[in-house]
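# Residue-level structure breakdown
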Amino acid sequence: MEKIHYLCTAAALTSPLHTLMPISAKIDIQENDFLRHGREVLETLLLDHTTGRNILWGTEDYASRGDGYHAADEITVEKITGANRMLIQPRSLKSAQAQKSRVRDKAEVFTPAWVCNAQNNLIDEAWFGRSEVFNKEFSDHAWVTNHNNIEFPEGKTWHDYVRDTRLEITCGEAPYLASRYDAVTGEIIPVEERVGLLDRKLRIVGENEKVHKEWLRWARIALQNTYGFEWQGDNLLLARFALMDTLKEYHDIQFPNEGKLRTNVKRLIAQIISWNLWQMDGLTGQVIMSPRQTFDPMGLNDNSVFCKIRQWGDTKHGRKHREIYFVSLLNK
């Protein structure tokens, strides 16, 4: 992982999104039923690969429901489906009191889409060596998308862009990575107007790869180079679903005659997402609520509480995947 662009969630910027885009709907949580991708996919999206168990709630917001819903308890399929399918909701649909308590207890603040766009544009301006690559911003918090095929600077290709690593720290519902909706207002953003880092990678893949099998390969590579971490389990699960749904939506637009993604493909996508969006205490690099320890780069002491991530190889070219401790990147 040679280059990582760190993104920090912005302060409480809650100005309305005055947009030039045709936004027509609010998030419909009924359509966000967690089982719609299948039980096995959901089980994968709940995994914590460091501990080998499921991700934790990480908050006492659900403790009133009794055993199994406290901060240190694991999130299971049964706890969020069936009669519990409405339990986890995006921040924009949570009560004002719930939002305030999260700001107070965990400094949770979500960033409007126009701020995500502005900061993501700065990353691309540095990478491309020019501004307004994907869209042009306006002072009223709107943007106009450049719908022409993206041109690449001399010495760089679209493969380089897709492979370039992106990381959103303390990602919440991952609005910098996948802008399916405005995290503050809950407004749906059409696919062709999205501004997330994964959105941009998938747009590039779609412009340059028209063969279904190769599109899937490069979409996976785009996903493998998109990372984020979060403390609270409900946010993390929403972020994981945002990336899953984002890839599915781009696929369905690109290949309307191919039908839905097959289950084995969705399982593979879920595996990548559950590695790349992980639960972590950002101050320590450890599994949340674990005793604070000092990382031993020599591996002589027990490093089991430190979070692992996966560096994805390219099996087509014989490069294997590799598991590493996230904090080892910071020490370097």
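Further up the page is the structure itself.
Anyway, here's the lowdown on the structure attached to this text. Everything numeric in this text was worked out from a predicted model, so none of it was measured.

## A word on the overall build of the protein chain
Of the regular secondary structure elements, the protein chain holds 10 helices and 10 strands. By sequence separation, contacts in the protein chain at least 24 residues apart represent 70% of the contacts at least 6 residues apart. Taken as a whole, the protein chain presents about 15,400 Å² of accessible surface, with 50% of it coming from carbon and sulfur.

## Description of the nonpolar core
Residues Ile 80, Leu 237, Leu 243 and Trp 278 are the most contacted members of the largest nonpolar core, which totals 72 residues. Element by element, the count of residues in this core is highest for helix α8 (residues 233-254), at 10 residues.

## Here's the deal with the pattern of salt bridges
Inspection of every chain in the model, using the stated rule, returns 15 salt bridges. Among the salt bridges present, the one from Arg 166 reaches Asp 124, with a minimum N-O distance of 3.9 Å. A residue pair is termed long-range when its members are at least 10 positions apart, and Arg 166 in strand β6 (residues 166-168) and Asp 124 in helix α4 (residues 113-128) qualify at 42 residues. No difference in accessibility class separates Arg 166 from Asp 124, as the two residues are buried. The residue Lys 136 makes a salt bridge to Glu 132 at a minimum N-O spacing of 3.2 Å. A network of salt bridges, in which partner residues are shared, links Asp 124, Asp 164, Arg 166 and Arg 200.

## Looking at the side chain of Asn 84
Within the secondary structure, Asn 84 is located in the loop between α2 (77-80) and α3 (96-106). The exposure class of Asn 84 is buried, given its relative accessible area of 14%. Polar side-chain contacts of Asn 84 include one of 3.1 Å to the backbone oxygen of Glu 78. Non-local contacts of Asn 84, meaning those with residues more than four positions away in its chain, are made with Arg 65, Tyr 69, Glu 78 and Lys 79.

## Overview of the packing of aromatic side chains
Applying the stated criterion across every chain, the model contains 18 aromatic pairs. Consider the rings of Tyr 227 and Trp 278, whose centres lie 6.5 Å apart with planes at 80°: the pair is edge-to-face. Residue Tyr 227 is found in strand β7 (residues 226-230), and its partner Trp 278 is found in strand β8 (residues 277-279); the two are separated by 51 residues along the sequence. Among the residues examined, Tyr 227 registers a relative accessible area of 4% and is labelled buried.

## A few points about helix α6 (residues 197-208)
For α6, built from 12 residues, the straight-helix expectation of 16 Å at 1.5 Å per residue is met to within 8% by its first-to-last C-alpha distance of 17 Å. The element α6 is largely enclosed, with a buried count of 11 among its 12 residues.

## Notes on the environment of Lys 260
Here Lys 260 is to be found in the loop between α8 and α9 (263-276). Residues Lys 260 and Glu 249, 11 residues apart in the sequence, show an inter-C-alpha distance of 9.9 Å.

## So, the environment of Asn 208
Positionally, Asn 208 belongs in helix α6. Take Asn 208: its relative accessible area is 33%, and that puts it in the partly exposed class. C-alpha separation for the pair Asn 208 and Trp 158, spaced 50 residues apart in sequence, amounts to 7.7 Å.

Thresholds, definitions, all that
- Residues numbered from 1 in each chain as written.
- Predicted model: local features only at pLDDT ≥ 70, side-chain atom pairs only at ≥ 80, totals over all residues.
- Heavy atoms only, no water.
- Helix = DSSP H or I, 4+ residues; strand = E, 2+ residues; numbered from the N terminus.
- Contact = heavy atoms within 4.5 Å.
- Areas by Shrake-Rupley, 256 points an atom, 1.4 Å probe, with all protein chains shown as cover.
- Core = buried A, V, L, I, M, F, W, Y, C linked by side-chain atoms within 4.5 Å.
- Buried < 20%, exposed > 50% of the residue type's maximum accessible area, 1.4 Å probe, protein only.
- Salt bridge = Lys/Arg side-chain N within 4 Å of Asp/Glu carboxyl O.
- Polar contact = N/O pair within 3.5 Å; in protein donor to acceptor, adjacent residues only side chain to side chain.
- Phe/Tyr/Trp six-rings, centres within 6.5 Å; stacked < 30°, edge-to-face > 60°.
- Expected span 1.5 Å × (residues − 1).

Taken by themselves, the reported measurements are silent on function.
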